[in-house]
Amino acid sequence: MSEFTGSTGPEGSAPSGFSFENMHRNAMIEQMQQQQASASNAGAHGPAASASAGSSPGYLPMATKTGTTIVGLVYKDGVVLGADTRATGGSEVADKNCEKIHYLAPNIYCCGAGTAADTEKTTELISSQLELLRMNMGGTQSRVVTACTMLKRMLFRYQGYISAALVLGGVDATGPHVYQIYPHGSTGKLPYTTMGSGSLAAMSVFETGWTEGMSEAEAVELVKRAILAGVFNDLGSGSNVDTCVIRTDGTTTLDRGAVQPNDVQPLRDSIRRSDMLNMRAGTTAVLKSEFTAAKRGGVTLADVTVTEMET
């Protein structure tokens, strides 16, 4: 609680009274809105200002919209994770081949949806903490529930301000596991799950196609179909399909570009470009050519001009 919180009870009891934590923030937003309204009313007398009065967005904080489709499921001999590869910045595609399946441990991987920087750095931090824990424990294998606990504690500590929605999958001594982790720190252990803006389309594929005791080939194919459902039905998801298979025998397979439904290279190859655009050797005339051999011993400090740095 902040310094604006009401008085607390005796030691060990829960805080009592009203909480005024957001009082200053709300007062600032209200003042900024009043200033905007007064400026619009003052300028509404002009013909140009009357058309734009009230057209500017308010000062209320807007939610950040992100787009991704990530999935994970448990099959007979392990776990299969999947993700698309589109990264967006607003309404623009920022990266067509973004890697959303992150390494946590040799037997644990994690798919991330939300803000790319948050998912990348969060998984990097937890991966290093798991490595240190393995060193302290004598090199024993990391547990999937341990990674889930570390992630949920970190996300809950920041109260959702770290925009990282995660699908955690791995295999340990207790078997294969898949967890979904929300940005506020809530988690769930499920046989299959989807997250991101394309999660509804992917979940419809899982609900109809998932069965207990699936083979690896069936599980990988189902994950590909689920990600493709998000790619073709969600504007925030697109490009290729990445898959990661974590097996109970200790082996893993990370397949980048397992499916490339939007490969543009064949289209580019089919375009016939004029040969006049190719600049052949000799197109630009060479007026003079001169070669000066380097000094014996190469460059020395005598050839360098040193200037004092301004302080």
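Residues numbered from 1 in each chain as written. Predicted model: local features only at pLDDT ≥ 70, side-chain atom pairs only at ≥ 80, totals over all residues. Heavy atoms only, no water.

**Student:** Explain the packing of helix α5 (residues 199-209) against helix α6 (residues 216-233) to me, and be specific about the residues and the numbers.
**Tutor:** Contact pair α5 / α6: the axes reach a minimum separation of 7 Å and the direction vectors enclose 150°. Overall, the two elements α5 and α6 adopt an arrangement that is roughly antiparallel. Handedness of the α5/α6 crossing: right-handed. Where α5 abuts α6, its residues Ala201, Ala202, Val205, Phe206 and Gly209 lie against Leu222, Val223, Arg225, Ala226, Ala229, Gly230 and Asn233. (Axes fitted to C-alpha atoms, helices over the stretch in contact; angles between N-to-C directions. Helix = DSSP H or I, 4+ residues; strand = E, 2+ residues; numbered from the N terminus. Parallel < 35°, antiparallel > 145°, perpendicular 65-115°, else oblique. Left-handed = near helix turned anticlockwise from the far one by under 90°. Contact = heavy atoms within 4.5 Å.)

**Student:** Tell me about the sheet that holds strand β9 (residues 187-189), residues and numbers included.
**Tutor:** In space, the five strands of this open sheet follow the order β5-β6-β7-β8-β9, with antiparallel pairing throughout. At either end of the open sheet lies a strand with only one pairing partner, and these are β5 (101-105) and β9. Within this sheet the neighbouring strands show an average axis-to-axis angle of 20°, counted without direction. Here four bridges tie β5 to strand β6 (residues 108-114), and the two strands are oriented antiparallel to one another. The residue of β6 that forms the bridge with Tyr103 is Tyr109. Helix-sheet contacts for helix α3 (residues 116-136) involve β5, β6 and β7 (164-172), and the interaxial angle to β5 is about 15°. Helix α4 (residues 144-157) rests against β5, β6, β7, β8 (175-181) and β9 of the sheet, and its axis sits at about 165° to β7. (Pairing = 2+ DSSP bridges.)

**Student:** Go over the side chain of Thr123 with me, naming the residues and quoting the values.
**Tutor:** Checked against the element boundaries, Thr123 lands in helix α3. Look at Thr123 and you get buried, because its relative accessible area is 2%. With near-sequence residues (within four places) excluded, Thr123 lies in contact with His102, Tyr103, Leu104 and Cys110. (Buried < 20%, exposed > 50% of the residue type's maximum accessible area, 1.4 Å probe, protein only.)

**Student:** Explain unusual backbone geometry residue by residue, including any values.
**Tutor:** A positive phi angle, close to 55°, is found at Gln159, a residue other than glycine. Topologically, Gln159 is positioned in the loop between α4 and β7. Classification of Gln159 by relative accessible area gives partly exposed; the value is 45%. We note that Ser239 has phi near 65°; this positive angle belongs to a residue other than glycine. Among the secondary structure elements, Ser239 is positioned in the loop between α6 and β11 (241-247). Here Ser239 falls in the buried class, since its relative accessible area comes to 11%.

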